[in-house]
Amino acid sequence: MTSKKLNFAVCLVSLIAALAGLLFGFDTGIVSGAILVIQKSFPLTAVQKECIVSAVLVGAMIASLISGRLADNYGRKDLMLVIAILFITGTLIAALAGSIKMIIVGRLLIGFAIGMGSYIAPLYIAEAAPYEWRGGLVSLNQLAITIGILCSYLINYAFVGTEYSWRWMFGMGVVPAVLLGVGMLFLPDSPRWLIKQNQLEKAKKILAYLRGTENIHHELSDIQQSLNIHYASFKEVFAPWVRRVLFLGIFLGFLQQVSGINTIIYYAPTIFEAAGFHDISNTILATVGIGVVNVLSTIWALIYLDRKGRRTLMFAGLIGMAASLFCLSFAFRFGLNWEGLRWVSVVSIFVFIICFAFSLGPLLWLMVSEIFPLRVRGTAMSIAVFSCWFWNAVVSGTFLSLLNALGPSNTFLLFGAMCVLGLIISYFILPETKGVSLEHIEENIRKGLPLKDIGA
Ligand code: BGC
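Residues numbered from 1 in each chain as written. Predicted model: local features only at pLDDT ≥ 70, side-chain atom pairs only at ≥ 80, totals over all residues. Heavy atoms only, no water.

(A) Examining the site of the ligand more closely. Around the ligand, the neighbouring residues are Phe24, Gln142, Thr146, Ile149, Gln256, Gln257, Asn262, Asn294, Phe356, Gly361, Trp365 and Asn392. Here an oxygen atom of the ligand and a side-chain polar atom of Gln257 are 3.0 Å apart. The separation between an oxygen atom of the ligand and a polar side-chain atom of Asn294 is 3.1 Å. Here the ligand loses 99% of its free accessible area of 310 Å² to cover by the protein chains. Counting atoms within 2 Å of the grid points, the majority share of the ligand lands in the largest cavity. (Near = heavy atom within 4 Å. Polar contact = N/O pair within 3.5 Å; in protein donor to acceptor, adjacent residues only side chain to side chain. Areas by Shrake-Rupley, 256 points an atom, 1.4 Å probe, with all protein chains shown as cover. 1 Å grid on protein atoms, 1.4 Å probe; cavity = no way out; pocket = protein on both sides within 12 Å on 5 of 7 lines; lining within 4 Å. Sits in = over half its atoms within 2 Å of the grid points.)

(B) The arrangement of the packing of helix α1 (residues 8-17) against helix α2 (residues 19-29) in detail. It is at 4 Å that the axes of α1 and α2 come closest, and there the two elements cross at 25°. When the interaxial angle is binned, α1 and α2 end up roughly parallel. Where α1 abuts α2, its residues Leu15, Ile16 and Ala17 lie against Leu19, Ala20 and Gly21. In terms of residue class, the contact of α1 with α2 is built from 5 nonpolar, 1 polar and no charged. (Axes fitted to C-alpha atoms, helices over the stretch in contact; angles between N-to-C directions. Helix = DSSP H or I, 4+ residues; strand = E, 2+ residues; numbered from the N terminus. Parallel < 35°, antiparallel > 145°, perpendicular 65-115°, else oblique. Contact = heavy atoms within 4.5 Å. Nonpolar A, V, L, I, M, F, W, Y, C, P; charged D, E, K, R; others polar.)

(C) Geometry of the layout of surface pockets. There is about 1,200 Å³ of room inside the largest pocket. Lining the largest pocket we find 39 residues, and of these Ser32, Ile35, Val53, Tyr266 and Tyr267 sit closest to its centre. Counting only elements with at least two residues in the lining of the largest pocket, the list comes to α2, α3 (31-41), α4 (46-66), α8 (134-159), α15 (261-274), α16 (280-308) and α20 (377-429). With 9 residues, the single largest contributor to the lining of the largest pocket is α4. For the lining of the largest pocket, the residue count by class is 20 nonpolar, 14 polar and 5 charged. Both domains that furnish three or more residues to the lining of the largest pocket are identified here as domain 1 (1-187) and domain 2 (233-456). (Points joined across faces, edges and corners; volume = space filled by probe spheres on them. Domains from an automatic or database assignment.)

(D) Representation of the side chain of Ser259 within the structure. On the secondary structure map, Ser259 appears in the loop between α14 (240-258) and α15. Residue Ser259 is classed as buried on the basis of its relative accessible area of 0%. What Ser259 contacts, discounting residues up to four positions off in sequence, is Met321, Leu325, Phe352, Leu360, Phe415 and Cys419. (Buried < 20%, exposed > 50% of the residue type's maximum accessible area, 1.4 Å probe, protein only.)

(E) Quick look at the nonpolar core. Grouped together as the largest cluster of nonpolar side chains are 139 residues, with contacts concentrated most on Met80, Phe87, Leu180 and Phe372. Sort the elements by how many residues they give to this core and α20 lands first, with 14 residues. A domain split of this core shows at least three residues from each of domain 1 (1-187) and domain 2 (233-456). Residues within four places of Met80 in sequence aside, it is in contact with Ala17, Ala20, Ile120, Ala121, Leu180 and Met184. Ile30, Ile155, Trp166 and Phe170 belong to the second-largest nonpolar core, a separate cluster that totals 19 residues. (Core = buried A, V, L, I, M, F, W, Y, C linked by side-chain atoms within 4.5 Å.)

(F) Region of interest: α3. What α3 keeps buried is the set Val31, Gly33, Ala34, Ile35, Val37 and Ile38. Tucked into the core, α3 has its buried residues touching α2, α4, α7 (100-128), α8 and α9 (165-171).

(G) Region of the structure containing the domain arrangement of the protein chain. Split by domain assignment, the protein chain resolves into domain 1 (1-187) and domain 2 (233-456). A separation of 20 Å is found between the C-alpha centroids of domain 1 and domain 2. Between domain 1 and domain 2 the total buried area reaches about 3,700 Å² when both faces are included, carbon and sulfur atoms providing 71% of it. The tally of links from domain 1 across to domain 2 stands at 2 salt bridges. One salt bridge connects Glu370 with Arg134, and the closest N-O pair in it is separated by 2.9 Å. Taken together, the connections running from domain 1 to domain 2 amount to 10 residue pairs in polar contact (both at pLDDT 80 or more). For the side of domain 1 that touches domain 2, the secondary-structure elements that each account for two or more residues are α2, α4, α5 (68-74), α7 and α8. Among the elements that make up the side of domain 1 that touches domain 2, the one with the highest residue count is α8 (16 residues). (Buried area = accessible area lost by both parts, 1.4 Å probe. Salt bridge = Lys/Arg side-chain N within 4 Å of Asp/Glu carboxyl O.)

See below:
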């Protein structure tokens, strides 16, 4: 992969920052179980249920958009601290809530934290990581998301059935949130951001600490050069030369969600039931299985992203996702009363998750942290991440209605078609950013190279 050794400081920075990813996965996954038991404490109307479930998505959407400039103005580290505080406060409010309103307020705050964390954590890691290891390190965040989802599935099943268990389900999130807050107190700010703020001496020290050597002059001057080229204003994020990469980021956020991942992550038991598996313990087991496979395949991606490259994994993943969705659609169309086809549907779902987890899952977060020029990175990235949260809300909010209106077969056909469309567009615009520095990518964007070649 690389001849350069990975040092402890960078690993620590990445691991602590990735706790934000763990909370992202945990808090998006936990609600499916919690909602079932909240009803025992407070009778819920359908609208109240929807509010509790969607509060996190709405919070994430708003926060990813409005906090865009904060990362550029106040720095990555301070925002990570704010995120930890929001996670802790939101979790405590939701877990100790005396009314449905308070649960919604708590979940909304958690949503704000998730929305901000979902772009600042990978951004912070990408700016601290040496380029040879950037793919794997940034994707630790995605690995943490999948571990968070798996923990939420396990905690849901461990606690389901007892009154007030929802308080524990929500409350467990406070542990990683406190770890994140305490950990961030000891971590340095991003050296790239410090240079942008003209705090050169501090940046030098941090870069030397992160690289484990005083020999950082080359990297330092590359970063400085990328800042000196010209002055940036807010409008610059929409300037023609940035607009192209902004489009790529928005497209990746869109594609990650319209390929249907969260219909499986949030609604797996519903799909297994529709496929004719009525035994609840099997459905539960299969859902936990999805969580496990998601984690394992992400670990594989972590190892191979910096070896095989982004394009190869993206294409392989999209082909596998499209094929498995078409098989799923086929199984639903041609009768699930035949045992064989029922199993085709289960295998398809697992293959789909495996393929997503080594491609679009980590690649969205990785590439949006790589492709934007430093001066506008925070703002541009937050717009791309907003696109992801927006389409997440659209897809998960309409999935059950789509199932009713089109039937499962056509619904999965539609998601499969989205993967094919994504494959075609990606073929023409997706750059290979493996093993190149962020500054080199920026230089190529400024030169006006076609999107596909900005990593060349
Ligand atoms: C996506 C989430 C999804 C998760 C599944 C993330 O990259 O953004 O929406 O639930 O992957 O592992």
